Amino acid sequence: MINIDQIKQSFEQDIKAITDVESLKVKYLGRKQGLLTLAFKELVNLDQAQRQKLGPLLNSLKKEIENAILNLEKQSASSSEKADLTVPPISEMTGMLHPLSKTQKDLEDIFLSLGFTVENGPEIESDYNNFVALNFPDDHPARDMQDTFYIKGPETKDPHKKLVMRTHTSPVQVRFMKTHKPPFAIIVPGTVYRNEATDVTHEYTLTQLEGLVVGEDVNFANMVWTLDYVLKKYFGSDIKTKILPTYFPFVEPGAELAMSSPRFKDGKWVEMLGCGMVHQNVFKHAGYQTGKYQGFAFGFGTMRFPLMKHGIPDIRLLHENNLQFLSQF
Ligand code: PHE
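Residues numbered from 1 in each chain as written. Predicted model: local features only at pLDDT ≥ 70, side-chain atom pairs only at ≥ 80, totals over all residues. Heavy atoms only, no water.

Asks: What is the right way to look at the side chain of S170 in this model?
Replies: Here S170 lies in the loop between β3 (163–165) and α7 (171–179). Side chain to side chain, S170 and E210 meet in a polar contact 2.8 Å long. (Helix = DSSP H or I, 4+ residues; strand = E, 2+ residues; numbered from the N terminus. Polar contact = N/O pair within 3.5 Å; in protein donor to acceptor, adjacent residues only side chain to side chain.)

Asks: How should the sheet that holds strand β8 (residues 270–278) be read in this particular structure?
Replies: Paired through their backbone hydrogen bonds, the strands of a sheet run either parallel or antiparallel. Read from one edge to the other, the open sheet built from 7 strands follows the order β1-β4-β5-β9-β8-β7-β6, with strand pairing classed as mixed. Strands with a single pairing partner mark the edges of an open sheet, and in this sheet they are β1 (117–118) and β6 (240–246). (Pairing = 2+ DSSP bridges.)

Asks: Explain the domain arrangement of the chain here, please?
Replies: Interfaces are often sized by the amount of accessible area the parts lose when they come together. Considered domain by domain, the chain is made up of domain 1 (4–82) and domain 2 (99–326). Computed from C-alpha coordinates alone, the two centres of domain 1 and domain 2 are separated by 84 Å. (Domains from an automatic or database assignment.)

Asks: It is not clear to me how the pattern of salt bridges should be interpreted in this structure. Could you clarify?
Replies: Two side chains carrying opposite charge are able to pair once their charged atoms lie near each other. Using the criterion set out here, one finds 11 salt bridges in the structure. A salt bridge links E125 to R175; the shortest N-O distance between them is 2.5 Å. Residue E125 is located in strand β2 (residues 124–126), and its partner R175 is located in helix α7; the two are separated by 50 residues in the primary sequence. Between D314 and R316 there is a salt bridge, with its nearest N and O atoms 3.1 Å apart. Accessibility expressed as a relative area gives 28% for R316, which makes it partly exposed. (Salt bridge = Lys/Arg side-chain N within 4 Å of Asp/Glu carboxyl O. Buried < 20%, exposed > 50% of the residue type's maximum accessible area, 1.4 Å probe, protein only.)

Asks: Is there a simple way to explain the site of the ligand in this structure?
Replies: The local shell around the ligand consists of H168, S170, R194, Q208, E210, F248, F250, G274, C275, A297, F298 and G299. Contact distances for the ligand include 3.0 Å between a nitrogen atom and a side-chain N or O atom of H168. Take R194: an N or O atom from its side chain is 3.1 Å from an oxygen atom of the ligand. Given that more than half its atoms are within 2 Å of the pocket grid, the ligand belongs to the largest pocket. Counting residues per element, the ones that place at least two in the shell around the ligand are β5 (205–215), β8 and β9 (294–301). The dominant element in the shell around the ligand, judged by the number of residues it contributes, is β9, at 3 residues. (Near = heavy atom within 4 Å. 1 Å grid on protein atoms, 1.4 Å probe; cavity = no way out; pocket = protein on both sides within 12 Å on 5 of 7 lines; lining within 4 Å. Sits in = over half its atoms within 2 Å of the grid points.)

Asks: I'm lost on the pairing of strand β4 (residues 184–193) in this one. Help?
Replies: When a strand is regular, its side chains alternate between the sheet's two faces. Burial analysis of β4 places 10 of its 10 residues in the buried class, which makes it a mostly covered element. Alternating residues of β4 divide into F184, I186, V188, G190 and V192 and A185, I187, P189, T191 and Y193, and every residue in both groups is buried. One ladder, built from 2 bridges, connects β1 with β4; its direction is parallel. Directly across from T117, in β4, lies its bridge partner I186. Examined bridge by bridge, β4 and β5 share 10 bridges and lie antiparallel to one another. Each bridged residue has a counterpart across the sheet, and for Y193 the counterpart in β5 is T205.

Asks: Just to check I follow, could you spell out a nonpolar patch on the surface for this structure?
Replies: On the surface, M93, M96 and L323 cluster together into a nonpolar patch covering about 330 Å² of accessible area. Tracing the sequence through the fold places M96 in the loop between α4 (48–81) and α5 (99–113). Judged by its relative accessible area of 37%, M96 is partly exposed. (Patch = residues over 30% accessible without salt bridge, like charges linked within 9 Å, V, L, I, M, F, W, Y side chains within 5 Å. Areas by Shrake-Rupley, 256 points an atom, 1.4 Å probe, with all protein chains shown as cover.)

Asks: Explain helix α2 (residues 21–29) here, please?
Replies: Note: α-helices contain 3.6 residues per turn, so residues at a spacing of three or four share the same orientation. Taken residue by residue, α2 has V21, L24 and Y28 as its buried positions. When α2 is viewed along its axis, its buried side chains cluster within an angular range of 60 degrees and face the same direction. The N-capping residue of α2, defined by a side-chain oxygen 3.0 Å from the backbone nitrogen of E22, is D20. (Arc of directions from axis to C-beta.)

Asks: In this structure, what is going on with the packing of helix α1 (residues 4–16) against α2? I would like to understand it.
Replies: For any two helices packed against each other, one specifies the inter-axial angle together with the distance between the axes. Running from amino to carboxyl end, α1 crosses α2 at an angle of 175 degrees, the nearest separation of the two axes being 11 Å. The pairing of α1 with α2 is recorded here as roughly antiparallel in orientation. The residues of α2 that touch α1, namely those facing I7, S10, F11, D14 and I15, are L24, K27 and Y28. Among the residues forming the contact of α1 with α2, the class breakdown is 5 nonpolar, 1 polar and 2 charged. (Axes fitted to C-alpha atoms, helices over the stretch in contact; angles between N-to-C directions. Parallel < 35°, antiparallel > 145°, perpendicular 65-115°, else oblique. Contact = heavy atoms within 4.5 Å. Nonpolar A, V, L, I, M, F, W, Y, C, P; charged D, E, K, R; others polar.)

Rendered as structure tokens:
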């Protein structure tokens, strides 16, 4: 016997305690066992009078239930679009600069603020640009196979043809001076190669930053001021710097700048860079009239900068590409 009222009441009960719209739909409208579907099937067995009486009632109950379910479905679709503010955010892994790129960028910004421009040069260089034009005597130890990676090629004595992996960024001085007249102030960031065993403080692939300032009245004091300014900008104004004499073939006098701060290496003096007044022989190789110009040059390894600033114990960590290490900076 079809009991329309019973189906109606049961639906009203269920909708009050609803947890899942889909199972409600199956229970009443399901194609095989739905309570309404079954009622419609039963209708066929009834006599005409009863069919005419119950048919329209059943139809209107079906419409009512379908509408109620449709509404519930709409509601649940729109509520799932609302943001749940209590869900913790998914932290996205965004890209970041490698500490060496960051150091280079920071140093470039400091030099750019002083009016320097940034220049570049190739990592494979002629023996001439890397050594001869920089006034390296033929028997200088840095020319030894010990320190220099030579590029295999036809046997030649011509230093313009003999190729090396550049051992410093200084050959870019030569390239730049061949095509530019003073005054100018440039820096040259770049990678250099030394045939050395690696340990906590040594790498054979190094990043350097070179500087060259040339004009008619550039002097040693300009150099000391500039380098002191740059280091204070990078490390903080509490550091102290001092200049010590040293030898590089391409500068005369040559110097080394050391830095000290209680924050680094227990306040001990740390060698930071090489520098000096450009040797007149270097100007001669560049094609400048000797005696006309004065200039200062400096060059330093940029890997030491983040090592000291962040207290990184091993230089090799900078080339290992370990994301856990790198993402701290
Ligand atoms: N080219 C030197 C080096 O690699 C550094 C330097 C550059 C020193 C310029 C003096 C002047 O060690």
